[in-house]
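Chain by chain, the residues:
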Amino acid sequence: MMNLESVELKSNIGSLRGIGPKKEKIFNESGINTIEDFIYFFPRSYQDRREITKIKDLKPGADSLIVAKVLTKKAPNNFRKNSPLSLLVSDDSGAIEIVFFNGRFLSRLFDLNIEYSFFGRISENYARFQMIHPEFSKAGSPEDIRGIIPIYPRIPGISQKEIRRMQKELSHLYSEVDDWIPEDLAAENRLADMEFALKNMHFPTDGKKVLAAKFRMVFSELLVLETGLQYMRKGEQRINEGISFDCSNSEEFIRGLDFDLTEGQKEAWEKIRNDLEGRQRMNRLLQGDVGSGKTVVAELAMYAACNSGYQSVIMAPTEILAKQHLETFTRDFDSYGIKPKLLISSMERKEKKEVIEGLADGSVSMLIATHAVLQENVRFKKLGLVITDEQHRFGVNQRRKLYEKGEGVNVLVMTATPIPRTLAVILYGDLDSSQIRTMPKGRKPVKTTLSHKDDRNKVYTFAAEKIKEGRQVYVVAPLIDDSESIEAVSATKLFDELKAKFSDSKVELIHGAMKQESKDMVMQDFSEGLIDVLVSTVVIEVGINVPNATVMIIENSERFGLAQLHQLRGRVGRGSEESFCFLISDSENDIAIKRGEIMCSTNDGFEIAEKDLELRGPGELFGTKQHGIPELLLSDLVKHIDVLEKAQQAAKQLLDRDPGLDMPENSGVRERVKSMFGEDLSLSL
């Protein structure tokens, strides 16, 4: 263990006083390995303990700060470890009892007739006020608990008091932390210096200083994030000139369709066409609600690739979706002499080998695949276009792995999960963005109803009527099996119940724990109308197109987020028949009720996505590791949108004048970008 004087920023956290191997492991598991890591371990909130309450003014249930003299100490004679200690304390207005349950060790910390500060919740016991197990300190001591007190994220086995003590002991090192933001950007954005920011993040003396410190730290984090995203985008544009396609034949393909493109599809294709005909590599995100017609836009891009002598591939997240694409593409390209091929894991070895050989010699020009295409033995002769469908199902590295199978490959990322503007900047900061916000003619909005559990029978009676009319029904549950810890209906229990309820109908079950082969078989049967009621977990969130399914029933709807509810609802309403979605819940939780009301009020996925972001925040909407998005420690993309916009501008200025972050004054930014993005920063930074 080192002396405090010899501790440095890069010293191990175990070098601090009182940190043995056991506590060191706990800190390491919380991501704190060095002294500098610990200095950057910021409070999650603050308690204002500046106002002292007189004992006579105390109220039950209130968290209060008192300063009082110890009049008496009382403890049982058999003073065991957990025996309670009772103190009678008073100020000039009255007296109150303070109780500690682990009194054996605490008794010696209190002296009679000495003043102490106590902070805790006031309770009432037999008409007498008590403060049970409060925080305390000798009044006026360096450890006094009065002031604006930082409350840190929980570290198992480490008390708040201990964390605050350690931060105090290390505060002399704050001045040594690199103030790495270039001076002109710091001045332009009125940023506090690093030493001030650290001091006032941990030990603020007033609210304004906390805000100034937090602004500096949030800006710093978002600047690193934005610089990394913009660097990747500029770098990819710089190292890949791109492949230019001839899109002049697209009009004949559009004329050959048995429907007219919507305005949204026309606008999206126009932007994609401009990208494909340009010199720079296309790197575009196409967002569109379930059923908005993204697939035909993908077909247009793949047709252009084929006519220009290049191969194209569309990667789907599931085999069933890949097979559905194959069926659609085969039908639409048959008259043009183009034969799309399929590559999925479950294919026979011989068939798979033929497709892989065809890709290598160029005889396969158009491929529909799952992640099976990412295998090293899959090589393309002349790959020009990569499309990923339902991008949120793939990680950043998977996307990169695919388009690195060619040089200057054009990239189109498609998602039916509408993404709020704020998140789109973060999730897909390296992509140009397009949206299809119109729906094909004849599509009717799904009528959505929030139903209490008491009305379940009415909902299922309605479903039975629709089955008699020849329609099909989805029923979704949040769990596969019953759980002792979670009060919610399970898919297996619901399956048994509905088999009895719909005894004259074919009821089937599908869930994520089933083998892929079994899932595909059930979905195929449902698609062909052989199943009337499909009981499922969220495995059908991304499923196949079944226009005949017109009823969606979601049990325990409070257990799903808005975006997920919207995706599930999107399984119905895919034909010309009116469709219905029932959200069944008995929750009285405000957020759950709000979600239900939003779902009933709109079918617009983009509006729903914005509301979902407001209600839940970005963390729950998208797993950061799934996307390769760096974890943000302080920033909230909803609350800090104004800071994000400033950071975007600052990052642009930085990279405009120093594209490789090579200047000495930008070395701190460079190092932090590399640290934040890790392996996702595949370029030469």
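Only a predicted model underlies this, so the values are computations on that prediction, with no experimental measurement involved.

Trainee: Tell me what's going on with the pattern of salt bridges, and back it up with residues and numbers.
Mentor: Tallied over the full model, the rule gives 28 salt bridges. Measuring nitrogen to oxygen at the nearest pair gives 2.9 Å for the salt bridge that ties D332 to R331. A residue is classified by how much of its surface remains accessible, and R331, at 57% relative accessible area, is exposed. With a closest N to O distance of 3.4 Å, E577 and R471 form a salt bridge. Within this pair, whereas E577 is found in the loop between helix 18 (562–569) and strand 21 (580–584), its partner R471 is found in the loop between helix 15 (456–468) and strand 17 (472–476), the two being separated by 106 residues in sequence. Overlapping salt bridges bring together R17, R165 and E169 as one network.

Trainee: Please give an account of the pairing of strand 19 (residues 533–536) that cites residues and values.
Mentor: Along any regular strand, the residues point their side chains to alternate faces of the sheet. Residues of strand 19 alternate between two faces, with V533 and V535 on one and L534 and S536 on the opposite face, all of them buried. Bridge count for strand 17 against strand 19 is four bridges, and the pairing is parallel. The partner of V476 across the bridge, within strand 19, is S536. As defined by bridge partners, strand 18 (residues 507–510) adjoins strand 19 across four bridges and the pair is classed as parallel. Within strand 19, the residue paired with V507 across the bridge is V533. The parallel pair strand 18 and strand 19, bridged by helix 17 (residues 516–527), forms a crossover whose chirality is right-handed.

Trainee: Residue-level account of helix 11 (residues 319–333), with values.
Mentor: The end-to-end C-alpha distance of helix 11 is 21 Å, a good match for the 21 Å that 15 residues give at a rise of 1.5 Å each. Within the sequence span of helix 11, burial applies to E319, I320, L321, A322, H325, T328, F329, D332 and F333.

Trainee: Break down helix 19 (residues 590–601) for me, citing the residues and quoting the values.
Mentor: Relative to the 16 Å expected for twelve residues at 1.5 Å per residue, helix 19 spans 17 Å between its end C-alpha atoms, a close match to the ideal helical length. When helix 19 is considered as a whole, its buried residues turn out to be A592, R595, G596, I598 and M599. Here the buried residues of helix 19 occupy an arc of 165 degrees about the axis, which is enough to place them on one side. Of the exposed residues in helix 19, those oriented more than 90 degrees away from the buried face are D590 and S601. Between the side-chain oxygen at the start of helix 19 and the backbone nitrogen of I591 there is a gap of 2.8 Å, and the oxygen is on N589.

Trainee: Hey, could you go over the sheet that holds strand 20 (residues 549–554) for me, with residue numbers and the actual values?
Mentor: The six strands lie next to each other as 16-21-20-17-19-18, forming an open sheet whose pairing is parallel. Each edge of the open sheet carries a strand with a single partner, namely strand 16 (447–451) and strand 18. Shown here is a sheet whose adjacent strand axes are inclined to one another by a mean of 15 degrees, direction ignored. In this fold helix 17 packs onto strand 17, strand 18, strand 19 and strand 20, with an angle of close to 140 degrees to the strand it touches most, strand 18.

Trainee: Talk me through the sheet that holds strand 15 (residues 432–436); I want residue IDs and the actual numbers.
Mentor: Spatially, the seven strands line up as an open sheet ordered 11-12-10-13-14-9-15, and their pairing is parallel. What marks the edges here is a single partner per strand, and that holds for strand 11 (341–343) and strand 15. Ignoring which end each strand starts from, the neighbouring axes of this sheet average 20 degrees apart. With four bridges joining them, strand 10 (residues 311–315) and strand 12 (residues 366–369) adopt parallel strand pairing. In the sheet register, V313 faces strand 12, and the bridge partner there is L367. Across the sheet, helix 9 (residues 263–277) touches strand 9 (283–288), strand 14 (410–415) and strand 15, and the angle it forms with strand 15 is around 155 degrees. Each of strand 10, strand 11, strand 12 and strand 13 (383–389) touches helix 11; the most contacted strand, strand 12, lies at about 155 degrees to it.

Trainee: Could you give an account of the packing of helix 10 (residues 294–307) against helix 11, with specific residues and numbers?
Mentor: What describes two packed helices is the angle between their axes and the distance between those same axes. Direction vectors running N to C along helix 10 and helix 11 enclose 55 degrees, while the axes themselves pass 11 Å from each other. By the angle between their axes, helix 10 is oblique relative to helix 11. Considering the relative orientation of helix 10 and helix 11, their crossing is right-handed. Of the residues in helix 11, those touching helix 10 at T295, E299, M302 and Y303 are H325, T328, F329, D332 and F333.

Trainee: Can you break down the environment of S45 residue by residue, with the values?
Mentor: Topologically, S45 is positioned in strand 1 (residues 45–49). For S45, a relative accessible area of 27% corresponds to the partly exposed category. Between the alpha carbons of S45 and I151 there is a distance of 5.3 Å; along the sequence they are 106 residues apart. For S45, the residues in contact, after removing those within four places along its chain, are I149, P150 and I151.

Trainee: Pulling in residues and values, what's your account of the environment of K444?
Mentor: Structurally, the position occupied by K444 is in the loop between strand 15 and strand 16. Look at K444 and you get partly exposed, because its relative accessible area is 44%. Distance in space between the C-alpha atoms of K444 and E577 is 7.5 Å, their sequence separation being 133 residues. Those residues within four positions of K444 in sequence are excluded, and the remaining contacts are S576 and E578.

Trainee: Help me get a handle on the confidence of the model for the protein, residues and values and all.
Mentor: A residue-level look at the protein finds 89% of positions with pLDDT of 70 or above and a mean pLDDT of 86. Of the regions scoring below 50 in pLDDT, residues 619–628 engages in 22 contacts with residues more than four places distant in sequence or in other chains.

Trainee: Can you lay out the nonpolar core for me, pointing to particular residues and giving the numbers?
Mentor: With 64 residues, the main nonpolar core has F245, I272, V313, L343, L367 and V373 as its most contacted residues. Here this core takes ten residues from helix 10, the largest share from any one element. The contact partners of V313, leaving out residues within four places of it in the chain, are M302, L367, A369, V373, F380, L383, L385, V386, I387 and L402. Of all hydrophobic cores here, the second largest spans 55 residues; its members include I13, I26, F27 and A186.

Trainee: Which residues make up the side chain of R273, and what are the values?
Mentor: Note on placement: R273 falls in helix 9. At 3.2 Å, the side chain of R273 and the side chain of S250 are in polar contact. Once residues within four sequence positions are removed from consideration, R273 is found in contact with C247, S248, S250 and E251.

Trainee: Explain the packing of aromatic side chains to me, using residue names and the numbers behind them.
Mentor: Enumeration according to the criterion identifies 22 aromatic pairs in this entry. Consider the rings of Y40 and F42, whose centres lie 5.8 Å apart with planes at 70 degrees: the pair is edge-to-face. The class for Y40 is partly exposed, based on a relative accessible area of 22%. A ring pair is formed by F41 and Y152, whose centres lie 5.9 Å apart and whose planes are at 10 degrees; its orientation type is stacked. Residue F41 is located in the loop between helix 2 (35–39) and strand 1, and its partner Y152 is located in the loop between strand 8 (147–151) and helix 4 (160–170); the two are separated by 111 residues in the primary sequence. With a relative accessible area of 0%, Y152 lands in the buried category. Just above the ring of F203 sits the side chain of K168; from NZ or CZ to the centre is 4.5 Å. Of note, K382 hangs over the ring of Y310, and the distance from its end group to the ring centre comes to 4.6 Å.

Trainee: Give a description of the pairing of strand 3 (residues 85–91) that names residues and reports values.
Mentor: Counting buried residues along strand 3, six of its seven residues qualify, which places the element largely inside the surrounding structure. Two elements, strand 2 (residues 63–74) and strand 3, share five bridges in a ladder whose sense is antiparallel. Directly across from K73, in strand 3, lies its bridge partner L87. As paired elements, strand 3 and strand 4 (residues 94–100) share seven bridges and run antiparallel to each other. Opposite S86, over in strand 4, you have V99 as the bridge partner. Counted along the chain from strand 3 to the antiparallel partner strand 4, the turn is two residues long.

The rules behind these values
- Residues numbered from 1 in each chain as written.
- Predicted model: local features only at pLDDT ≥ 70, side-chain atom pairs only at ≥ 80, totals over all residues.
- Heavy atoms only, no water.
- Salt bridge = Lys/Arg side-chain N within 4 Å of Asp/Glu carboxyl O.
- Buried < 20%, exposed > 50% of the residue type's maximum accessible area, 1.4 Å probe, protein only.
- Helix = DSSP H or I, 4+ residues; strand = E, 2+ residues; numbered from the N terminus.
- Pairing = 2+ DSSP bridges.
- Right-handed = clockwise from strand over helix to strand, strands pointing away.
- Expected span 1.5 Å × (residues − 1).
- Arc of directions from axis to C-beta.
- Polar contact = N/O pair within 3.5 Å; in protein donor to acceptor, adjacent residues only side chain to side chain.
- Axes fitted to C-alpha atoms, helices over the stretch in contact; angles between N-to-C directions.
- Contact = heavy atoms within 4.5 Å.
- Parallel < 35°, antiparallel > 145°, perpendicular 65-115°, else oblique.
- Left-handed = near helix turned anticlockwise from the far one by under 90°.
- pLDDT = per-residue confidence, 0-100.
- Core = buried A, V, L, I, M, F, W, Y, C linked by side-chain atoms within 4.5 Å.
- Phe/Tyr/Trp six-rings, centres within 6.5 Å; stacked < 30°, edge-to-face > 60°.
- Lys NZ or Arg CZ within 6 Å of the ring centre and 35° of its normal.

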